[in-house]
Amino acid sequence: MTALLQLRSISKHFGPARALASVSFDLRHGEIHALCGENGAGKSTLMKIIDGIHQPDGGEILLEGRGVVMQGPAHAMRLGIGLVHQEIALCGDATVAENIFIHETGAGAGAWMNYAALQQRAAAALAMLGQQIAPDQRLGDLPIGQQQLVEIAKALSLDCKVLILDEPTAALTETESVALFRVLHDLRARGIGIIYISHRMAEIFQHCDRVTVLRDGRDVLCGPIADLTPDLIVRAMVGRDIGHYFPAKQTVDRRDTPLLEIDDLADGERVHGVSFTLHRGEVLGVAGLMGAGRTELAETICGLRPAIRGYRRLNGRPIAVRHYDESLRHGIAYLSEDRKAAGVFLEMSVAQNISAMATRLVSSPWGLLRGGVERELAQDMVAQLNIKTAGLLSEVGSLSGGNQQKVAIAKLLATCPVVLLMDEPTRGVDVGAKSEIHHLLRELALQGVGVIVISSELPEIIGLCDRALVIHEGRVAGEVASDDMTEERLLRLASGLAAEELMDVEA
């Protein structure tokens, strides 16, 4: 049987850097084929070649047995190829409906767009994913998880033969992910081929038929899921054993004055009277369902959202944080969950990004940049975080997603923080880089830094954190010690079930 899509000996260079070296890959009708590899292994480059964004230096592409040259994304779309990028590639100022059907702009016979019909079709596309997002809502006003669902709905609306999904569940809740996989299984049954890029082994082994692994721009493993194990895939990805995935936890002395105290903090919208403490050397997890108010809590703590009441104390002393620059001066730094929009400056160099919030450190008393100091700072951070880059002057936008994430973290560490608020610090990062980030956060804790990790991945909360707060509807639903953490317990608190059961008992 002829393969739906074949890539034969695909090579690609960006200047002197080799991205792909004679990579071969095939996709069959009616299969979900996982593509795995560390960040920088070449996965996104290969998918962009399929989509016509990049042209290969060598090799050929066959679609249903016929050789094709992808002349760009619009051409690939006409051939039945849909790509959902890891980074949101939509227009924030347009409506949900306009984004889903943006490919139809200018395609109609008349001069005017039928917006009523457009919104009706958009609602139907979102309903396939179990969503009731208002089609006339401005996309930029939606949380990132719902923006990702709009991106997926856009791809599904194309009636494509080949669907490429790059980390589609990274920003989705469990319920949204279940709805997505239900749709993918239906598409597979209809003969559509799906390329599924993910670092989540549970998803790959539960939903995929085959897996191909890339490492250093080469295909190093391909086979049926039934013949493989997660350990085999991880070893193929990284070329080595990564040792302990999570670092060992430590006993935190909570008898001393807390490093950070939050008392009755509220923003009047999503955060409703939250109180907790963070101790020196502690990694504190914050769990909860999407929309529970986790990100809003972090933004309120560090002055990115205004607080209507509540207190913050650092080392036992009250502090005022009205703006983020005041938060940084107190040593409280925040990593946004949205790397592209608020984590890095994509068109600036690695060195410029790392020093962006540490301008006092790299400037002279007269405000002039000390280039040597900036380079030294950047070199130290690149080495500490094992950032893969062609050089300190490389634009961050040219790096893989995982290395962009490391640059975002390096930018915070350059400020010498005493408290780190990390919102989804390993989203879209491969297993090797995830383990590196986990060990880095633990090392910072061992140095006395207080670390708060907001994560949608419960295994990350359980494996990394010394203690966890669970947020439900903008309030602390419960606190769970390390020894008592289970996914079931965290989920019950996150969904409000534990509180309801307690009320029933009291009644």
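Residues numbered from 1 in each chain as written. Predicted model: local features only at pLDDT ≥ 70, side-chain atom pairs only at ≥ 80, totals over all residues. Heavy atoms only, no water.

- By the naming in an unreviewed UniProt entry, the chain is Sugar ABC transporter ATP-binding protein, taken from Ideonella lacteola.

Observations concerning the overall build of the chain
Part 1: Summing up its helical and strand segments, the chain has 19 helices and 20 strands in all.
Part 2: Taken over C-alpha atoms, the radius of gyration comes to 24 Å for the chain, in line with the 23 Å a tight globule of 507 residues would show.
Part 3: Out of the 507 residues belonging to the chain, those deemed buried represent 52%.
Part 4: For the chain, long-range pairs separated by at least 24 residues make up 67% of all intrachain contacts whose partners lie at least 6 apart in sequence.
Part 5: In the chain, which carries 49 positive and 64 negative side-chain charges, the distance between the mean positions of the two groups comes to 4 Å. (Helix = DSSP H or I, 4+ residues; strand = E, 2+ residues; numbered from the N terminus. Rg over C-alpha atoms; globule rule 2.2 N^0.38 Å. Buried < 20%, exposed > 50% of the residue type's maximum accessible area, 1.4 Å probe, protein only. Contact = heavy atoms within 4.5 Å. Lys, Arg positive; Asp, Glu negative; His and termini not counted. Charge placed at Lys NZ, Arg CZ, Asp CG, Glu CD.)

Structural notes on the pairing of strand 13 (residues 283–287)
Part 1: Where burial is concerned, most of strand 13 is hidden: 5 out of the 5 residues are buried.
Part 2: With burial as the criterion, each face of strand 13 is covered, one bearing Val 283, Gly 285 and Ala 287 and the other bearing Leu 284 and Val 286.
Part 3: For strand 13 and strand 18 (residues 450–454), the ladder comprises 4 bridges, and the chain directions are parallel. Paired with Val 286 across the strands is Ile 454, a residue of strand 18. (Pairing = 2+ DSSP bridges.)

Here's the deal with the sheet that holds strand 1 (residues 5–14)
Part 1: Read from one edge to the other, the open sheet built from 4 strands follows the order 2-1-4-5, with strand pairing classed as antiparallel. A single partner strand is all that each edge strand has here, and the edge strands are strand 2 (17–27) and strand 5 (66–68). The average angle at which neighbouring strand axes cross in this sheet is 30°, direction not considered.
Part 2: Note: strand 1 against strand 4 (residues 58–63), 5 bridges, orientation antiparallel. Each residue of the ladder has a partner; that of Gln 6, found in strand 4, is Leu 62.
Part 3: Across the sheet, helix 1 (residues 43–50) touches strand 1, strand 2 and strand 4, and the angle it forms with strand 1 is around 115°. (Axes fitted to C-alpha atoms, helices over the stretch in contact; angles between N-to-C directions.)

Considerations on the side chain of Glu 31
Part 1: Along the chain, Glu 31 falls in the loop between strand 2 and strand 3 (32–36).
Part 2: Judged by relative accessible area, Glu 31 falls into the buried class, the value being 5%.
Part 3: Within the local environment of Glu 31, its side chain forms a polar contact with the side chain of His 33, the two groups lying 3.3 Å apart.
Part 4: Glu 31 has contacts with Asp 26, Arg 188, Ile 192, Gly 193, Ile 194, Asp 209 and Arg 210, leaving out every residue within four places of it along the chain. (Polar contact = N/O pair within 3.5 Å; in protein donor to acceptor, adjacent residues only side chain to side chain.)

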